[in-house]
Amino acid sequence: MKLFFKLFAGLVIVLLAAVVLLMATIDPNDYKQQIQTQVKKSINRDVAINGDISWAFYPQLGFSSGEIELRNPDGFNRENLLKIDQAALGIDLLPLLKGQIQIGELTVNGLVVNLITNKDGSSNLDNMQAAGSAQETTPVKDTSGDTESEKSDFFALENLQLAGINLNNAQIEIQDLKAGTSNKANIKQIQLGKFVPGQETDLSMQTDLVLDNLQAKLDLHSKLLLASDFSTLELKQFSLTTLLTGEALPNGKIDSSINTDIKYDLNNAKAELTDLIIKLDQIQLAGELSVQTQKLTTVRFSLKSNQWNLEPYLTAPEEQTTATPGTASSANTSEKEPDLSILNSLDVNGTLSIEGVKVSGLTIGKINSKILVNKGKAQLTPLTAELYQGLLTLEASIEESKGSNRYQISSNLNNVQIRPMLIDAAEIDFISGTTDFNFAGKGQGLTTTKIKTGLTGKGDFKLLDGELYGINLPQEVRILKAKLTAAPQPTEENIKKTDFASLTGNFVIGNGIVNNQKLLMLSPVMRLDGNGLADILKETLDYRLSVTPLSKSTEKIEQGDLSGLTIPLLIKGPFSDPKFTLDTEGVIKERLNAEKKRLKEKLKKESQQKIEEQKNKLEDKLKDKLNNLFG
């Protein structure tokens with residue numbers, strides 16, 4: 001940036017020399033060909049001066065020009081790289097005698113700039129230097145004892161003054177044919193007040209942008225201050241308001257603004273933004289930010305925000321082709337692995353605090369996070385969020401590793417109410433309770449499909465004082481007992497839910513399957529245990545559990561005689577609507593078969609007893625007869 005200002009000042013001096021030269025001529029237009037030839041030698045581009053060049057003596061020494069065109073090389077779809085309809089510049093003569101460069105207002109009308117990148121990657125900015133300039137070197141001259149260096153300070157840069165800049169009706173078009181993008185900016189006006197190094201001046205700009213199917217109106221105002229030694233550039237009271245419009249936007253528009261004070265260190269390429277306030281409709285972000293561009297782009301920030309409602313800005317999900325329940329949907333061929341190579345060029349360390357977020361149906365409370373990026377790795381260390389009367393603690397990292405994106409995650413839910421969270425997040429309503437949850441996992445690939453299939457890890461969970469919706473297990477047990485004892489059926493209860501004191505388990509994840517290796521549910525009247533699978537790709541459940549009525553019960557219908565009985569329970573179907581099947585008929589058949597076997601054994605035993613009794617009676621009778629015969 002410092003070099004830019006020096007080049008600008010140098011250009012002004014060259015222009016001044018040109019003005020003095022013109023004074024010695026009758027018609028400056030006689031030198032058009034020489035100017036065009038010199039430009040060709042200097043920047044390897046053809047220039048066409050189509051309009052007249054004129055100069056004036058009063059009230060300032062200056063010149064003006066008509067249409068000027070700077071041509072593109074062959075092979076580009078625009079004839080010109082740059083075009084100006086009219087330009088004018090003046091200078092006060094008397095201050096020159098004191099070594100002061102006081103330039104009048106620079107006016108440029110109808111500026112058109114075309115920046116083009118072709119499909120082969122070539123740019124119309126390539127090779128803009130004089131032939132052999134990269135190899136040529138200038139011998140160093142010893143100026144010790146020479147007064148020339150002292151004379152050169154007579155026109156020092158700090159003595160430069162500019163009455164102002166007035167740029168009207170400019171257009172900048174940026175085409176990237178390799179990427180297939182084209183963006184255009186129409187600048188209505190850029191105004192800069194009196195510019196003197198070391199003094200503040202007013203800066204304003206009004207611009208219209210066309211970005212694909214979006215249009216933007218920008219309005220910028222600031223106080224510009226360039227240090228007299230060209231070391232720093234400040235934009236005080238910087239204010240940029242933007243109105244973005246387009247059919248794809250919520251309500252067709254987005255209002256945004258940035259207000260801050262900016263200080264840019266030209267020597268260290270470091271920008272500091274203080275008292276920063278960013279607004280996006282109702283969203284507001286405030287704090288401090290600094291950016292330094294060297295070998296790595298170093299970013300430091302401390303930002304706080306109000307509550308964010310992101311729902312209006314989310315793209316509505318595309319309607320999916322109806323698939324047969326329990327079958328995996330076809331892979332999304334449009335999925336593309338994100339390019340995270342930019343992480344290798346960043347050094348980021350900052351904190352972000354948000355009062356709350358509403359996104360994808362979820363309502364999240366206060367969020368605090370620390371964000372780090374270093375050596376190609378981005379980290380949250382940690383993120384905490386108030387979540388459904390509980391707390392989420394998350395540590396995560398994403399790493400770009402030679403084109404392979406890898407990630408790790410460690411999360412904990414503490415005292416979270418699971419039912420409203422599942423309803424809001426995924427419209428799933430079959431369980432409630434106060435939840436503790438722990439999970440640690442890792443994977444490779446950041447597309448939706450790769451995350452679902454490539455995530456590996458393990459975890460555990462505990463739900464307390466909850467309810468299982470879709471089945472009333474105590475009522476089913478009562479019905480089962482009535483059938484077994486031929487007693488009257490209990491009054492039907494329409495509430496299909498099962499209360500439990502605790503539900504615990506552990507699981508592992510791999511290849512898109514959550515393997516719930518151990519599940520145990522305890523309630524005052526029963527015990528439920530078993531295992532099951534959750535298919536992340538098909539979004540289905542397949543659980544095989546066992547229900548065991550407990551001997552101690554506070555229920556009105558005593559279940560003591562069912563103690564030890566095991567009732568199979570199957571849970572199958574999609575996440576959003578699982579089906580519960582309690583195999584009471586199988587239990588009845590098993591109990592009947594057992595009763596038949598018991599009766600058969602009983603009859604067999606009774607028959608054997610009767611035979612023994614008859615045998616004993618016959619033996620007794622025989623003994624009596626023998627005794628009578630021989631007695």
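Procedures and definitions
- Residues numbered from 1 in each chain as written.
- Predicted model: local features only at pLDDT ≥ 70, side-chain atom pairs only at ≥ 80, totals over all residues.
- Heavy atoms only, no water.
- Helix = DSSP H or I, 4+ residues; strand = E, 2+ residues; numbered from the N terminus.
- Buried < 20%, exposed > 50% of the residue type's maximum accessible area, 1.4 Å probe, protein only.
- Contact = heavy atoms within 4.5 Å.
- Pairing = 2+ DSSP bridges.
- Salt bridge = Lys/Arg side-chain N within 4 Å of Asp/Glu carboxyl O.
- Polar contact = N/O pair within 3.5 Å; in protein donor to acceptor, adjacent residues only side chain to side chain.
- pLDDT = per-residue confidence, 0-100.
- Expected span 1.5 Å × (residues − 1).
- Phe/Tyr/Trp six-rings, centres within 6.5 Å; stacked < 30°, edge-to-face > 60°.
- Lys NZ or Arg CZ within 6 Å of the ring centre and 35° of its normal.

**With respect to the overall build of the protein**
Summing up its helical and strand segments, the protein has seven helices and 30 strands in all. Counting across all 631 residues of the protein, residues that qualify as buried make up 34%. For the protein, long-range pairs separated by at least 24 residues make up 50% of all intrachain contacts whose partners lie at least 6 apart in sequence.

**A closer look at the pairing of strand β21 (residues 390-401)**
Judged from the nine bridges that link them, strand β20 (residues 377-387) and β21 form a sheet pairing that is antiparallel. Paired with Q379 across the two strands is S397, which belongs to β21. Taking the residues between adjacent antiparallel strands as the criterion, β20 and β21 are bridged by two residues, where Y388 takes a positive phi near 45 degrees. Note: β21 against strand β22 (residues 404-417), 11 bridges, orientation antiparallel. In the strand pairing of β22, E400 is matched with N405. The turn joining β21 and β22, which pair antiparallel and follow one another in sequence, is formed by two residues; a positive phi near 55 degrees is taken by K402.

**Examining the pattern of salt bridges**
A complete count under the given rule lists 17 salt bridges for this structure. Put simply, E79 and R71 hold a salt bridge, and the shortest N to O gap is 2.9 Å. For E79, a relative accessible area of 54% translates into the label exposed. For the salt bridge of E337 with K450, the shortest nitrogen-to-oxygen distance reads 3.5 Å. Linking E337 in the loop between β17 (297-309) and β18 (346-359) with K450 in helix α5 (residues 448-454), this pair joins segments that are 113 residues apart in sequence. With a relative accessible area of 39%, K450 lands in the partly exposed category. Within the structure, one salt-bridge network assembled from shared partners comprises E69, R71 and E79.

**Considerations on the environment of Q36**
If you trace the backbone, Q36 turns up in helix α2 (residues 32-43). For Q36, a relative accessible area of 18% corresponds to the buried category. In this structure, the C-alpha to C-alpha distance between Q36 and D46, residues 10 residues apart in sequence, is 7.0 Å. For Q36, the residues in contact, after removing those within four places along its chain, are V47, A48 and I49. Engagement of the side chain of Q36 in a polar contact is seen with the backbone nitrogen of I49, the distance being 3.1 Å.

**A closer look at the confidence of the model for the protein**
For the protein, mean pLDDT is 81; residues scoring 70 or higher make up 76% of the total. Between residues 143-152, whose pLDDT stays under 50, and residues either more than four places distant or in other chains, the model counts one contact. In the model, residues 319-326 has pLDDT below 50 throughout and makes two contacts with residues more than four positions away in sequence or in other chains.

**Quick word on the pairing of strand β3 (residues 61-65)**
Within β3, four of the five residues are buried, which leaves the element mostly enclosed by the surrounding structure. As judged from the five bridges shared by β3 and strand β6 (residues 86-91), these two strands associate in the antiparallel manner. Within the sheet, the bridge partner assigned to F63 lies in β6 and is L89.

**Focus: α2**
With 12 residues, α2 ought to run about 16 Å at 1.5 Å a step, and its terminal C-alpha atoms sit 17 Å apart, in line with that. One or two positions beyond α2, positive phi appears at N44, with a value near 60 degrees.

**Regarding the side chain of T435**
Tracing the chain through its elements places T435 in strand β23 (residues 431-444). A residue is classified by how much of its surface remains accessible, and T435, at 4% relative accessible area, is buried. Once residues within four sequence positions are removed from consideration, T435 is found in contact with L413, N414, N415, V416, I418, K462 and L463.

**A word on the packing of aromatic side chains**
This structure, assessed with the given rule, holds three aromatic pairs. Between F437 and F507, the ring centres sit 5.8 Å apart and the planes meet at 20 degrees, which makes this aromatic pair stacked. Here the residue F437 occupies a position in strand β23, and F507 occupies one in strand β25 (residues 497-510), the gap between them amounting to 70 residues. With a centroid separation of 6.1 Å and an interplanar angle of 10 degrees, the aromatic rings of F439 and F507 are classed as stacked. Taken together, the residues span a long stretch of sequence, with F439 in strand β23 and F507 in strand β25 at a distance of 68 residues. Each member of the pair, F439 as well as F507, is classed as buried. Each residue in the set F437, F439, F461 and F507 is aromatic and connected to the rest through ring pairs, giving one cluster. Between R419 and the ring centre of Y469, over which it is positioned, the NZ or CZ distance is 4.3 Å.

**Quick word on the environment of G90**
In this fold, G90 is placed in strand β6. Note on G90: relative accessible area 10%, which makes it buried. For the pair G90 and A163, spaced 73 residues apart in sequence, the C-alpha separation works out to 9.4 Å.

**Points about unusual backbone geometry**
With an omega of -15 degrees, the peptide bond between T381 and P382 qualifies as cis. Considering the arrangement of structural elements, one finds P382 in strand β20. If you check the backbone angles, Y388 has positive phi at about 45 degrees while not being a glycine. Along the polypeptide, Y388 turns up in the loop between β20 and β21. The backbone of E539 shows a phi angle near 60 degrees, a positive value even though the residue is not glycine.

**A word on the side chain of T107**
Turning to its location among the elements, T107 is positioned in strand β7 (residues 101-109). What makes T107 buried here is its relative accessible area of 16%. Within the structure, the side chain of T107 is placed 3.5 Å from the side chain of E105, a separation counted as a polar contact. Beyond its immediate chain neighbours, meaning those up to four positions away, T107 contacts Q86, A87, A88 and N166.

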